[in-house]
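Commentary on secondary and tertiary structure
Spelled out from the first residue to the last, the chains are:
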Amino acid sequence: MQVDPFIDPHPNLTPAVLQGLGWLYLVLCAMNLWWTIRVYREDKHVMVPVLNIELPRATFWALYTSALMIVGFMHVSWTNEDYIDRFPLVLEPGGPFQTAIDFVVANPVTYFMISISGTIAVLWFRKFLVQPTVGWILLNAAVLFQALSMTDYDFRQIVGKPDNVPIVALLYLVGGFTWLYFYKAVENDRRLAEWDGEGPIPVLENDENEKVLVWPDLVYSELICMIAITTLLIVWGIVLEAPLEEPASSAKTPNPSKAPWYFLGLQEMLVYYDPWLAGVVFPTMILGGLMAIPYIDFNRIGNGYYVFRQRAFSIITFLVGFITLWVAMIVLGTFLRGPNWNIFGIYEYWDVHKLEALNNVMLSELFYLDWFGQFFDMPSYGNDDPMGKKVSMILLRELPGFAVIGIYFVALPPLLAITCLRTFYQRMGYLRFMVFTQLLLWMAALPLKMVLRWALNLKYLVNIPEYFFNI
Amino acid sequence: MSVGDYIRGSQIWKSIFRHPAPYDRRNRVVVMLTNFFLHLHPVSVKQQGIALSYTWCMGGITFFLFLVETITGVLLMFYYRPTLEWAYQDILALRDVTTLGIMREIHRWGAHAMVITVWLHMYRVFLTGSYKPPREFNWVVGVLLLVLTLLLSFTGYLLPWDQLAIWAITVGSNMARATPVLGHEGPGFQLLNLGGYDLITSGSDARFLLLGSRFVGEETLNRFYILHCVAIPLAAAGLIAIHFWRIRKDGGISQPL
Ligand code: HEM
C-alpha cells in the first residue's frame, strides 16, 4: 500500500524521521567504533561454542558496529516518500513488542512495581552491572530502544516535545552517573573489606591525591567546561525552537493541564492525596527532610569518597527517594499522563474519550458498611443538629481513619525503636530518632497510599469534606 | 619581540595585571591571589577536589548556567514588557524578527539544564557523603539554592503568556489554595475568623498573596516578573556567595581522610 503523508495525519515514518534516526545510528556507530578499538587493545579472546574457534572479543563489536553503520546509511539515504511503509527494520505499530511495553507502563501498579524492583535489582546486582561491558551494553540497549520507538508517531509526539527533551537527557544522565557511582563504590567496598586499618584509607580517591596548583589545573578545565556548555546551549537553541503556544486564554483549559515538568512528581501525588497534602505538606516535608539529612545521618564515616557498604542504609533511602519517588514519578507524569489525567502507553494515542472507571471508597464506608456492617451503623447527623453533635458524629465516623494514622505516626516510631531500628535508636538518641522516623514515615506514606488505592480502591483514610480535611 | 610580549609589556596591560604572566610557579600562585575573579579559588587543591569523576563538575556547571541565565536574561529584558498587551507579542517578535532571538532559546534550555544540574550536584554531594560534618550547614544552604532554582524556573515559565504558561502556573499555584489554615480551600481555614466572618477568602488567602489576584492575571504577571528578574536572582546570588565562601571555610572539597 502506498501511504500518502498528506492523507495520513499520523505517519509513523517520514523521510525526515528516517534521516534523523540515521544520524542517531551513525553517532551510536561512532561510539561503538571507539569501544571496539578499546576492546581490541585489551586483546581478550572468547571461545565460540559450536564452531570451536577462538576469536578476539573485538570481532563481535566490530560486526555490531558495521551493522550500525549499514543501518545508519540506509536511514540517512532514504528520501523516498512513496513506498515508505516498505522500509524494513521498523517496530511494527501495534505489534507484540509495542503491546507488551504499553501493557506494563500504562498501569500505575505495574509501573511502580517496575521502578521499585528496578532500583532493588540495581542494588542487588551492582557487582555485575558495574562491569564496563555490561554498562556499555545497557547504554546501547537504551539508545536502540529509543531509536526504534521514535519510528512510532505517538511516541514521537510525546518524547519529541521540546520541553520534554530535557527529561530524556535527565534519564541518561541519572543512569550514567548512578552507574559511575556504583562503579567506584563497588571497588571501594572491595578495598575496604580487605583493609587492615593501617595508614590512610585505601579508597580510589586516595590513589592519586597530591596537591596541585589551581592555575593551570583547575582554571583550564573550567574554561573548557564553559566552552563546552556554551556550545551545547547554542546548538540546542538552534536545533530546537522554544515552544510558544496560542496566546493565553483563561477560557480554554487545555486537557491535560500540566505543571512544569520538574513539579510533575508532586502533581502525580495529587492522584493519591488532596492538594493540601500533595501540594503543601509533602513539599515542605521533602525540603525539611533534605535539610535535616546532615543532622540525622551524623556519622562521620564515609565522607569524601564513593562507597556503598559503609553507608548502605542512607544510600538506599536516598536512591529510593530520588529515583523511584522523584525521577520515576516525573517520567510518569510527563510521558504517560494524558487527557483527564488518564494513563497512556508510550505508543498509545492520547484519546480524550478514554474512560477509566473510578469507584473509589472511603475507609469509613469500608469499615461501617462492608467490614463491620452487622455491628455498627454509619454515624450520621442532620443539618439542624447542634454543632457539638455534628462534630462528634464526624469524629466517630472517621475514627477508623484517625486510628490508622495515629498508629502509623505515633505508635510505630517507639515500636521501631525497640524492634528493627533498635541500634539506630541507641546511636541517635530520642529527639534525632523521632525526627528521623517521622520523615521516613512521611516518605513511605506515598507508596503506602498507592498500595491502599490499588488493593482496596481506597480514596481517603479520613474524609471530612465539611472542613476540607481529607487524608 | 613577539606581539604577545609587546602587549604584555605595555603600560595598559601592566596596569590591569600587576604581575608577569603565570608561566612559573611563583606567578601561578600570585595570579590566584591578585585576580578578583580567581581569588574565589584557593591557590592549590588536592587532585580529588578537581577530578571530573569525583565532582562531576555539576556545582560548577550550575553556577555557570546561572551566569548564562543572567546575561541572556538581561538581553531578553530589553525586548520584553510584562503587560497583558505586550508580553506575548514581544515573545513572538523575539521568535520572528529580533536578531538575537535565539537568546530566548538559550535562556529556556539553560533554565531546564540548570534544574537538572542542580539535582545532579545534590546527588553527587549526597553520594560522596559531603554533607557530613563540617559541611552540614553548606548542605542546608544548598537546599535553599535548590528551592530558589526551582522558583526561578517556575516564575519564568509564566512570562511568555501563552497557553502553556498560564495553565502550568494555574495548576502549580492552585495548590496554595489548599494551604492548611491559610488557603481558602485548606483544612482549618475557618479557624481564622473575626466575629463569624472568615478572614481567609479567595481574595485574601495564600494563593492571592502569590498571584496578586484571584486567578492568573495581569497582577500575577507583574509579580512573577519582578520575582523572576529581581528578587529571586538577588537572593540566589547572595546564597551562592555564602555557599562558595563556606566551601573554602569548611576546608575545600571533601576528601577521604
Ligand atoms: C544554584 C545552585 C548551586 C550552585 C551554583 C552550587 C555550586 C557549588 C560548587 C561550584 C561547588 C564546588 C564543588 C562541586 O562543583 O561539586 C559546590 C559544593 C557543594 N555544594 Fe553546591 N551548589 C548549588 C546547589 C547545591 C545544592 C542543591 C546542594 C545540596 C542540597 C549543595 C551542596 C553542596 C555541598 C555540601 C558542597 C560541598 C561539597 C564537597 O565539599 O564535596 N549545593 N556547590
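Above this text you will find the structure in question.
Worth saying up front: this structure is predicted, and the values here are computed from it rather than measured.

So, the coordination of the iron atom of the ligand
All names here are of chain B.
- The protein atoms donating to the iron atom of the ligand are His121 (NE2) and His243 (NE2), with metal-donor distances spanning 2.0 to 2.1 Å.
- One can describe the site at the iron atom of the ligand as octahedral: its 6 donor atoms subtend angles covering 85 to 179° at the metal. With a gap of 122 residues between them, histidine 121 in helix α8 (residues 102–127) and histidine 243 in helix α12 (residues 218–249) connect regions that are remote in the sequence.

Topic: the site of the ligand
Residues and elements named next belong to chain B.
- Near the ligand you find 24 residues, and of these His121, Arg124, Gly142, His243 and Ser254 are the closest.
- For the shell around the ligand, the elements supplying multiple residues, two or more each, are α6 (58–79), α8, α9 (136–158) and α12.
- Each residue belonging to the shell around the ligand can be placed in one class, and the counts come to 11 nonpolar, 11 polar and 2 charged.

What to know about the interface of chain A and chain B
- Across the contact, 94 residues belong to chain A and 90 residues belong to chain B.
- A combined buried area of about 8500 Å² lies between chain A and chain B, and 72% of that area is made up of carbon and sulfur atoms.
- Where chain A touches chain B, the interface holds 2 salt bridges.
- The partner of A:Asp163 in a salt bridge is B:Arg108, with the nearest N and O atoms 2.8 Å apart.
- The interface formed by chain A and chain B includes 39 residue pairs in polar contact (both at pLDDT 80 or more).
- At the level of secondary structure, the elements contributing two or more residues to the side of chain A that touches chain B comprise α8 (165–194), β3 (211–213), α9 (214–239), α11 (275–296) and α12 (312–336) of chain A.
- By the bridge criterion, 3 bridges tie β3(A) to strand β1 (residues 44–46) of chain B in an arrangement that is antiparallel. When the sheet's bridge partners are listed, A:Val212 is paired in β1(B) with B:Val45.

Analysis parameters
Residues numbered from 1 in each chain as written. Chains lettered and ligands numbered in written order. Predicted model: local features only at pLDDT ≥ 70, side-chain atom pairs only at ≥ 80, totals over all residues. Heavy atoms only, no water. Donors = N, O, S within 2.8 Å, 3.2 Å for Na, K, Ca; no water. Tetrahedral: all angles 85-135°; square planar, octahedral: opposite > 155°, others 65-115°. Helix = DSSP H or I, 4+ residues; strand = E, 2+ residues; numbered from the N terminus. Near = heavy atom within 4 Å. Nonpolar A, V, L, I, M, F, W, Y, C, P; charged D, E, K, R; others polar. Contact = heavy atoms within 4.5 Å. Buried area = accessible area lost by both parts, 1.4 Å probe. Salt bridge = Lys/Arg side-chain N within 4 Å of Asp/Glu carboxyl O. Polar contact = N/O pair within 3.5 Å; in protein donor to acceptor, adjacent residues only side chain to side chain. Pairing = 2+ DSSP bridges.

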